[in-house]
Amino acid sequence: MGALGPRPPPPPPLLLLLALGVGCYAREVLVPEGPLYRVAGMAISISCNVSGYEGPAQQDFEWFLYRPEAPEAALGIASTRDTRFSYAVFGSRVAAGEVQVQRLQGDAVVLKIARLQAQDAGIYECYTPSTDSRYLGSYSGKVELRDMLQVSATPPGPRGRQAPISPPRLTVHEGQELALGCLARTSTQKHTHLAVSFGRAVPEAPVGRATLQEVVGLRPDLAVEAGAPYAERLAAGELQLGKEGAERYRMVVGGAQADDAGTYHCTAAEWIQDPDGSWVQIAEKRAVLAHVDVQMLCECHASQGGSREPWISVGPLEGCRVAPGSPPSLAATVPLPSPPRTGFLRCGAGVATGGPWWRGRVRPLMGELVISHEGRTGRPAVAASQLAVAVGPGERRLGPGEPLELLCNVSGALPPAGRHAAYSVGWEMAPAGAPGPGRLVAQLDTEGVGSLGPGYEGRHIALEKVASRTYRLRLEAARPGDAGTYRCLAKAYVRGSGARLREAASARSRPLPVHVREEGVVLEAVAWLAGGTVYRGETASLLCNVSVRGGPPGVRLAASWWVERLEEGELSSASAQLVGGVGQDGVAELGVRPGGGPVSVDLVSPRSHRLRLHGLGPEDEGVYHCAPSAWVQHGDHSWYQAGSARSGPVTVYPYTHALDTLFVPLLVGTGAALVTGATVLGTITCCFMKRLRKR
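Residues numbered from 1 in each chain as written. Predicted model: local features only at pLDDT ≥ 70, side-chain atom pairs only at ≥ 80, totals over all residues. Heavy atoms only, no water.

With that out of the way, let us pick up the overall build of the protein chain. For the protein chain, the count of helices and strands is four helices and 48 strands. Residues classed as buried in the protein chain amount to 40% of the 695 residues present. Excluding contacts between residues fewer than 6 apart, the proportion of contacts in the protein chain whose partners are at least 24 apart in sequence is 60%. (Helix = DSSP H or I, 4+ residues; strand = E, 2+ residues; numbered from the N terminus. Buried < 20%, exposed > 50% of the residue type's maximum accessible area, 1.4 Å probe, protein only. Contact = heavy atoms within 4.5 Å.)

The next subject is the environment of Tyr-87. Within the secondary structure, Tyr-87 is located in the loop between strand E4 (75-79) and helix H2 (88-95). Overall, Tyr-87 belongs to the partly exposed group, its relative accessible area being 26%. As for Tyr-87 and Ala-74, which are separated by 13 residues in sequence, their C-alpha atoms are 9.4 Å apart.

If you walk through the whole model with that rule in mind, you get four aromatic pairs. Here the aromatic rings of Phe-64 and Phe-85 are separated by 5.4 Å at their centres, their planes lie at 75°, and the arrangement is edge-to-face. Linking Phe-64 in strand E3 (residues 62-66) with Phe-85 in the loop between E4 and H2, this pair joins segments that are 21 residues apart in sequence. Assigned by exposure class, Phe-64 and Phe-85 land together as buried. When the centroid spacing of 4.9 Å and the interplanar angle of 75° are considered together, the rings of Tyr-653 and Tyr-655 count as edge-to-face. Site record: aromatic cluster; members linked through ring pairs are Tyr-535, Tyr-653 and Tyr-655. In this structure, Lys-142 packs its charged tip against the face of Tyr-66, placed 4.8 Å from the ring centre. (Phe/Tyr/Trp six-rings, centres within 6.5 Å; stacked < 30°, edge-to-face > 60°. Lys NZ or Arg CZ within 6 Å of the ring centre and 35° of its normal.)

For the rest of this paragraph, the subject is the pairing of strand E29 (residues 439-444). Sheet analysis places E29 next to strand E30 (residues 450-452), joined by three bridges and oriented antiparallel. Following the sheet pairing, Leu-444 is matched in E30 by Gly-450. Taking the residues that link successive antiparallel strands as the turn, the E29-E30 hairpin has five residues, and the phi of Gly-448 there is positive, at about 85°. (Pairing = 2+ DSSP bridges.)

Side-chain direction in a regular strand flips from residue to residue, so the side chains alternate between the two faces of the sheet. Inspection of the sheet shows strand E36 (residues 522-529) paired to strand E38 (residues 540-549) by eight bridges, in the antiparallel sense. Residue pairing in the sheet places Trp-528 in a bridge with Leu-543 of E38. Where E38 and strand E44 (residues 608-613) come together, six bridges link them in antiparallel fashion. Looking at E44, one finds that Leu-542 is bridged to Leu-611.

This part takes up the sheet that holds strand E1 (residues 28-30). An order of E1-E2-E6-E5 is seen for the four strands of this open sheet, with the pairing classed as antiparallel. Edge positions in the open sheet fall to E1 and strand E5 (99-105), since each of these has one partner strand only. Strand-to-strand twist across the sheet, computed as the mean angle between neighbouring axes with direction ignored, equals 20°. Two strands pair when backbone bridges link them, and E1 and strand E2 (residues 44-51) are joined in this way by three bridges, in the antiparallel orientation. Bridge pairing in E2 links Val-29 to Val-50. (Axes fitted to C-alpha atoms, helices over the stretch in contact; angles between N-to-C directions.)

Take the side chain of His-609 next. Looking at the element boundaries, His-609 is found in strand E44. Judged by relative accessible area, which is 3%, His-609 ranks as buried. Residue contacts for His-609: discarding those within four places in its chain leaves Leu-542, Leu-543, Cys-544, Ala-559, Trp-561, Val-582, Asp-602 and Leu-603.

The next thing to look at is the state of the cysteines. The final tally for this structure, using the stated rule, is four disulfides. In this model Cys-408 forms its disulfide with Cys-488; the gap between the sulfur atoms is 2.0 Å. Around the S-S axis, the bridge from Cys-408 to Cys-488 shows a dihedral of about -80° and counts as left-handed. Of the two residues, Cys-408 is situated in strand E27 (residues 404-411) and Cys-488 in strand E33 (residues 484-495); the sequence distance between them amounts to 80 residues. Covalent S-S linkage joins Cys-544 and Cys-626, the inter-sulfur distance amounting to 2.3 Å. Disulfide Cys-544 to Cys-626: torsion about the S-S bond roughly -80°, handedness left-handed. With a gap of 82 residues between them, Cys-544 in strand E38 and Cys-626 in strand E45 (residues 622-633) connect regions that are remote in the sequence. There is no split in this pair, since Cys-544 and Cys-626 are both buried. (Disulfide = S-S within 2.5 Å.)

Further remarks concern a nonpolar patch on the surface. Taken together, Phe-688, Met-689 and Leu-692 make up a surface patch of nonpolar side chains, about 310 Å² in accessible area. Inspection of the secondary structure assignment puts Phe-688 in helix H4 (residues 658-694). (Patch = residues over 30% accessible without salt bridge, like charges linked within 9 Å, V, L, I, M, F, W, Y side chains within 5 Å. Areas by Shrake-Rupley, 256 points an atom, 1.4 Å probe, with all protein chains shown as cover. Salt bridge = Lys/Arg side-chain N within 4 Å of Asp/Glu carboxyl O.)

With respect to topology, six strands assemble into an open sheet ordered E9-E17-E16-E11-E12-E13, the strand pairing being mixed. The open sheet has two free edges, formed respectively by strand E9 (169-173) and strand E13 (224-226), since each of these has just one partner strand. Strand after strand, the sheet turns through a mean of 25° between neighbouring axes, direction not considered.

What follows is about the pattern of salt bridges. Should their charged atoms come close, side chains of opposite charge can pair. In this structure the tally under the stated criterion is 22 salt bridges. Here Asp-132 ties to Arg-27 by a salt bridge, and the two come within 3.0 Å at their closest N and O atoms. Of this pair, Asp-132 sits in the loop between strand E7 (122-127) and strand E8 (140-145) while Arg-27 sits in the loop between helix H1 (13-22) and E1; the two residues are 105 residues apart in sequence, bridging distant segments of the chain. Linking Glu-524 and Arg-549 is a salt bridge whose minimum nitrogen-to-oxygen distance equals 3.1 Å. Here the residue Glu-524 occupies a position in strand E36, and Arg-549 occupies one in strand E38, the gap between them amounting to 25 residues. Using a relative accessible area of 44% as the deciding quantity, one classes Arg-549 as partly exposed. A single network of salt bridges, built from pairs that share partners, joins Arg-93, Glu-98 and Asp-120.

Quick look at the structure:
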């Protein structure tokens, strides 16, 4: 159904001037400052909010489009109150969800178009139907969406020629430098910024946002940032991004690793800055640069029998690989002596970047030297199978407030921490029955610096190294929320090129159950409105009595007051709003009152809380409730919540005084009597004067 029907005309200027003298409300509709520039096919979001209005907190919005070829015709796009509001050209797009109005809050929405079309250019108007008692202010806002820009980005390739249809395949040796170039340019006439990024996808993987891992990129504000796995290499100077000339970009990766193999892409994105200062992407193109293979290097030293002198020493070797399996094996193509011999061999894979060493027996097989897994020696000798993590002292049961101590021992054929190796240890906790390893409690990084996990800030928790390979976690005061299964996680790192640490192995311990006894605090709350009836302009007093059963001595109470607004006699779907409360430390916290007036909260008695709404108005109507909570403080001065409750609903309805209801009829009657009296008096006087003249 179309939306070209007439809308209420704007109020005359004289009426607006008169209203300014008697009212304090001035409706104002705000949209982003324009003009906005976008490209066909991209998405756009236009916000709109209204303020200074009267009436309900949830306002309605209507969106219109004025096209350049018909600037006077308003095309209805979408509305928050009428599902059949859309004009024909937008009806199918609204039904498909491509165009929609999303409500952010009662007085704010955003118009979202998932895919812009060329005919979407024009002036967008956000109109708010009036809920005011009189017209005052603005009821709509407009923003212009300019003609779409045309952008192009050229994929990299040999200078002076087009890029080849099939991207080249490059092979670099481990530890060598990997350099790739990208040519990107734009023909846009407007002032835009070009962002260029290099990304990598694993070999044979489909290219997309989910599979493409960013390596490094140049942002619209000219900042150079790396993807999360490459951030350390950028900080260490191993990863660089530079601009050569006006259109050519060059990425250099120093010390290539086995994980650097894959298909590299160059992505050029054009950004434009809106009048409000925010950056918006208007175009993007991606091109394949090359398929990169990283050739690992190995060293092998073999000896026969008990001799320490090697009878064959080859290195570095090309074409070696670590074969998957359990246990793993290393295979390398090496020149074998004739006739072949058997003996003991020590080989290292990835020696240029600090990889592990194998020790095994020599078995000549079809020109390949296969090193079976019989143990690993040398430096660094780090592998997952060598890490073993044990925890103790066993299942723990304790009461709230008691200290909790857990030990973690890391063992295995590991080199000492130092220049070539480093270790980190952390503790994780998962609630009983929850899947997964759980959340981090505390950890020690490779530098020995400790940190607490999310949710544990402010608590007295210590993680320290008590022996060469033993770590202790101590919680000064356990809480019931600390109950669950604990695991110790150890990680081993080796130092590669550029003095950068790289994770080589990790191991997690078995789960260790911990039980913390509940406090058993039971709360009950009863709330009511003092006096039962309250009128506009008076002070509404709400009381909440709390009863406590169980728990340790010294339990402190906190109470908060919440309100749910009424809409057409029913509770609003919005969540409850905090009005105010008193914490367990006696400090008051004030929220937002619906009517915007003053609020006071106090403690009438140790078990009775009071909320007062001064100068009650019609906006304060709603359903209120009290939410008390019990808190216990332990010896480390930390608080934890031991129980909570919620009172029944208390409806607050501000009644109007009887005299107020008679005030308007009284004024009308008085005015009518004065007019009637003046008319009668004037008529009598006129008749008397006529008779007097005749005489």
